[in-house]
Amino acid sequence: MKVIRCLPFLFLVPCAFAQQAPWGRADIPISSHDRVYAADQTSNTVSVIDPESNKLLGVIRLGDPVPGALSPLYKGQLLVHGLGYSPDSKTLAVVSVGSNSVTLIDTATNKVRGTIYVGRSPHEAFFTPDGRELWVTVRGENYVSVIDPALMKETRRIEMTNGPGMTMFGPDGKYAFVCSSFLPEMTVVDAASHQILKRVPQASPFCPNIAVSPENDEVWITLKDAGKVQVFSAKPPFEQKALLDTGPITNHVNFVNNRNGKFAYITIGGANEVKVYRRGPTPALVATIPVGSLPHGIWPSGDGSRVYVAFENGGEAAAIDTLTNKVIANIPIGQTTQALVYVPNAVPDGPGTANLTPLGEAANSARLHLEAGGAAYPNAQASVSVNSLGLLDLVEVAAAGLASQAQYQVYIAESNHAPFGKLEPLAVFKTNPDGAGIVQAIGPLKALAAKGPASSTAASQRFLIVTDSKDANQVVLRQSNTSSAR
């Protein structure tokens, strides 16, 4: 067998020179042994995708949908949200926010190995580069829970600022970087001694996601409340290198190296876009890729030739070719997806479909779009998902282009144009400093979409509008005439 070697920067062969954070490794070409995993928060499932065929193989069910999940006798997981995986690709770690748990899953068999319960509202988990520890940010409290994945128990807690959002390690395993979701501070920890080395100012309080570059020279954090990305040096003294205005509901960030250069890919939820920045002393925007509704999790393939993106309000994941920056596939997945990871060689042998089940009720969903309802905010828009939970439905509205830190009321209306008829209050939300906001509500809401999960007649259909919270006559968003169902 002839071995073709890729030599960085010589480009003798079209290779990507990618490395999977947080560990450096040689390129791994896409194959049916790889898996893409997506954490589906509403359906309490993990969607499993074969990237060679870009097909959904099935889901791993970790819990029941609401309202069954709210029973006092409920034993499953609730609000499946965060993902991490071991350096040997054999173990997937799944964080469930509502049940305060981390579930370890064998990637070859899709079988649950065990569940570890931690403190209030954990958010994300990731293994150290040597695989000996699993660090879980406990966002509802003030510490990172350090877990021994072999013993499946917590061994220590690293106390820090309230609301640690996510931990990521550099490829050399020396430092752990922990951003905060509640206070404007990133913490740098010595990974071996578990001692805090430095506290670095964040540009705003709410950081949900963090990534360390393959070269171990940069740390990128997303600031969801401000619509920005902050870049730090990954070496002492960990100074700020750049602050980028990226857009409303800036969600996740990850890296790709290919023959075109070195890039950061960022999901901009409020704009339904992925933005691509060329990395360097002054990061530069080089591409804006239109994608599905409310893009959230993002991760590169093992060779950097693709990035995969999950759509929180779209019920799909997309594969993007990183040389052309074009979407090449859309794959149906579970409901309200948050994190996504790509695990090379997750299934060394066989089809890897054991213990998977079909989407089932998680496939029962509809998409709506809200457009500007008046002249006050002409750029206002929102994506909406209506996800079936059986007898009930969950609606999620992700709005952008509104006033900064203002309060709004979501109503169900009899019409999507003036006069709107009888209004039924559904939810209240407050926007971030960047004028964006997300709100959820549960109820019998299928009538919001005429082509939704259940057939609706014109007489029974209802519509969403959003108004100023103090004046129901000031409509800022109204449901457009387009909707889709899956």
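Note: the structure precedes this text.
Reference entry: report on the structure contained in this document.

Some remarks on the nonpolar core
Move 1: Counting residues in hydrophobic clusters, the biggest one holds 50 residues, and the most contacted among them are Tyr37, Leu92, Phe177, Met186, Ile210, Val219 and Ile221.
Move 2: The biggest single contributor to this core is strand β28 (residues 337–343), with 5 residues.
Move 3: When residues no more than four places from it in sequence are discounted, the contact partners of Ile210 are Met166, Thr167, Met168, Phe177, Val178, Cys179, Met186, Val219, Trp220 and Ile221.
Move 4: Grouped together as the second largest cluster of nonpolar side chains are 26 residues, Val386, Val395, Leu464 and Leu477 included.

Some words on the sheet that holds strand β6 (residues 101–106)
Move 1: As summarised here, the arrangement of the 4 strands in space is β4-β5-β6-β7, forming an open sheet in which the pairing is antiparallel. Looking along the sheet, the strands with just one partner apiece sit at the ends: β4 (80–85) and β7 (111–117). The average angle at which neighbouring strand axes cross in this sheet is 25 degrees, direction not considered.
Move 2: The pairing of β4 with strand β5 (residues 91–96) spans 5 bridges and is antiparallel. Across the sheet, Gly82 pairs through a bridge with Val95, a residue of β5.

Things to note about unusual backbone geometry
Move 1: At the junction of Pro236 and Pro237, the peptide bond is cis and its omega measures out at 10 degrees in the coordinates.
Move 2: By secondary structure assignment, the location of Pro237 is in the loop between β18 (228–233) and β19 (240–245).
Move 3: In this model, Ala418 is joined to Pro419 through a cis peptide bond whose omega is -10 degrees.
Move 4: Within the secondary structure, Pro419 sits in the loop between β32 (407–413) and β33 (424–430).
Move 5: Within the chain, Met152 stands out as a residue other than glycine whose phi angle is a positive 55 degrees.
Move 6: Within the element layout of this structure, Met152 appears in the loop between β10 (143–148) and β11 (153–159).

With respect to the sheet that holds strand β20 (residues 250–258)
Move 1: Reading across the sheet, the 4 strands line up as β20-β21-β22-β23 and stay open at both edges, with antiparallel pairing between neighbours. Looking at which strands have only one partner, the edges of the open sheet turn out to be β20 and β23 (284–290). Ignoring strand direction, the axes of neighbouring strands in this sheet form an average angle of 25 degrees.
Move 2: Taken together, the 7 bridges between β20 and strand β21 (residues 261–268) define a ladder with antiparallel strand orientation. When the sheet's bridge partners are listed, Val253 is paired in β21 with Ile266.

Definitions and limits used
- Residues numbered from 1 in each chain as written.
- Predicted model: local features only at pLDDT ≥ 70, side-chain atom pairs only at ≥ 80, totals over all residues.
- Heavy atoms only, no water.
- Core = buried A, V, L, I, M, F, W, Y, C linked by side-chain atoms within 4.5 Å.
- Buried < 20%, exposed > 50% of the residue type's maximum accessible area, 1.4 Å probe, protein only.
- Helix = DSSP H or I, 4+ residues; strand = E, 2+ residues; numbered from the N terminus.
- Contact = heavy atoms within 4.5 Å.
- Pairing = 2+ DSSP bridges.
- Axes fitted to C-alpha atoms, helices over the stretch in contact; angles between N-to-C directions.

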